[in-house]
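# Observations on the model geometry
So the chains spell out like this:
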Amino acid sequence: SMEEQAKVPVFKAALIYGAIVGLASIVVSLLLYFIDQSLASWAMIASTLIFIGLIVFMMVLFRKEYGKGFASYGQLVLISFIVGLIAAILSAGYTFAIYEMDKGYLQDTKYTTIEKMDDKFDKMDARYQEKLSDDQYDVFEKRMRDQRKKQVKKIEGQTAFKIALNSIFGMVFMAVIVGLLAAIVIKKNPEPTLQ
């Protein structure tokens, strides 16, 4: 019944699941760190996919364990948000700790970020060099160089704390988007009972 549905302990479930997802994310990060692959593109994609998979799995688990097979759209989106938030906070704690302990790794992370940005700039540069006249291109190139300088300064100025904090927003945002989409498929409302 609807009354029973309302009594489902969404917060309790989400706290437990959030802790599980957070710890799993930390284990994955540590593994990648120890095999020295954290900054590889494949590792970043894999970590993201694992995180998305875990969020979806927890939503399904919630429906089964706490909802007795039922869960409303709203409950599931709330679950994805809280699970994402708890997991992101735990992960950010790990991120902060590892960067504080290993300053070289923090530097490497910044270099990798700058490298990726430079790749993007190079691609853009090549594209515009074909399209623009020489005079236009000179203006464009100067603007791009200024942009790059600004960005590099920003990246180099990032502290372990700042990076960890930013990661929280990214993870929570992702968890909510996944929740909004996955809940459409996962939600299952109980059949209305006839009085």
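If you're wondering where the values come from, they're calculated on a predicted model, not measured in any experiment. (Residues numbered from 1 in each chain as written. Predicted model: local features only at pLDDT ≥ 70, side-chain atom pairs only at ≥ 80, totals over all residues. Heavy atoms only, no water.)

### Points about helix α6 (residues 134-156)
- Here α6 contains 23 residues, and its C-alpha end-to-end distance of 32 Å stays within 8% of the 33 Å for a straight helix at 1.5 Å per residue.
- Buried residues of α6: Y137, F140, M144, V152 and I155, and no others.
- Next to the buried residues of α6 lie α5 (103-131). (Helix = DSSP H or I, 4+ residues; strand = E, 2+ residues; numbered from the N terminus. Expected span 1.5 Å × (residues − 1). Buried < 20%, exposed > 50% of the residue type's maximum accessible area, 1.4 Å probe, protein only. Contact = heavy atoms within 4.5 Å.)

### Some points on the confidence of the model for the chain
- In this model, the chain carries a mean pLDDT of 91, and residues with pLDDT of at least 70 account for 95%.
- The lowest-confidence element of the chain is helix α1 (residues 2-6), averaging 54 in pLDDT; the highest-confidence one is helix α4 (residues 73-101), averaging 96. (pLDDT = per-residue confidence, 0-100.)

### Topic: the packing of aromatic side chains
- Counted by the stated rule, this structure contains eight aromatic pairs.
- Consider the rings of Y17 and Y66, whose centres lie 6.0 Å apart with planes at 80°: the pair is edge-to-face. Here Y66 lies in the loop between α3 (41-65) and α4 and Y17 lies in helix α2 (residues 10-34), a separation of 49 residues in the sequence.
- Classification of Y66 by relative accessible area gives buried; the value is 17%.
- On the basis of an interplanar angle of 65° and a centroid distance of 5.0 Å, the ring pair of Y33 and Y105 is categorised as edge-to-face. Of the two residues, Y33 is situated in helix α2 and Y105 in helix α5; the sequence distance between them amounts to 72 residues. When sorted by exposure, Y33 lands in the same class as Y105, which is buried.
- Three or more aromatic residues joined by ring pairs make a cluster, and in this case those are Y33, F34, Y99 and Y105.
- The aromatic ring of Y128 is capped on one face by K131, whose charged end is 5.8 Å from the ring centroid. (Phe/Tyr/Trp six-rings, centres within 6.5 Å; stacked < 30°, edge-to-face > 60°. Lys NZ or Arg CZ within 6 Å of the ring centre and 35° of its normal.)

### Notes on the pattern of salt bridges
- Under the criterion given, the structure shown has four salt bridges.
- The partner of D146 in a salt bridge is K142, with the nearest N and O atoms 3.0 Å apart. Of this pair, D146 and K142 both sit in helix α6, four residues apart, which is roughly one turn of that helix.
- For K142, a relative accessible area of 48% gives the class partly exposed. (Salt bridge = Lys/Arg side-chain N within 4 Å of Asp/Glu carboxyl O.)

### A closer look at the packing of α4 against helix α7 (residues 160-186)
- Between α4 and α7, whose axes approach to 7 Å, the crossing angle comes to 155°. Viewed along their axes, α4 and α7 adopt a mutual orientation that is roughly antiparallel. Considering only the axes of α4 and α7, their crossing is right-handed.
- Across the contact of α4 with α7, the residue classes tally to 24 nonpolar, six polar and one charged. (Axes fitted to C-alpha atoms, helices over the stretch in contact; angles between N-to-C directions. Parallel < 35°, antiparallel > 145°, perpendicular 65-115°, else oblique. Left-handed = near helix turned anticlockwise from the far one by under 90°. Nonpolar A, V, L, I, M, F, W, Y, C, P; charged D, E, K, R; others polar.)

### Focus: the side chain of D125
- Its place among the elements puts D125 in helix α5.
- We note that D125 is buried and unpaired, the nearest opposite charge coming from R145 at a distance of 8.1 Å.
- What D125 contacts, discounting residues up to four positions off in sequence, is Y137, F140, E141 and M144. (Lys, Arg positive; Asp, Glu negative; His and termini not counted.)

### A few points about the nonpolar core
- Counting 32 residues, the largest nonpolar core has Y17, M59, F62 and I79 as the members making the most contacts within it.
- When residues of this core are traced back to their parent elements, those giving at least two are α2, α3, α4 and α7.
- The biggest single contributor to this core is α7, with nine residues.
- Within the second largest apolar cluster, nine residues are counted, among which are I98, Y99, Y105 and L106. (Core = buried A, V, L, I, M, F, W, Y, C linked by side-chain atoms within 4.5 Å.)

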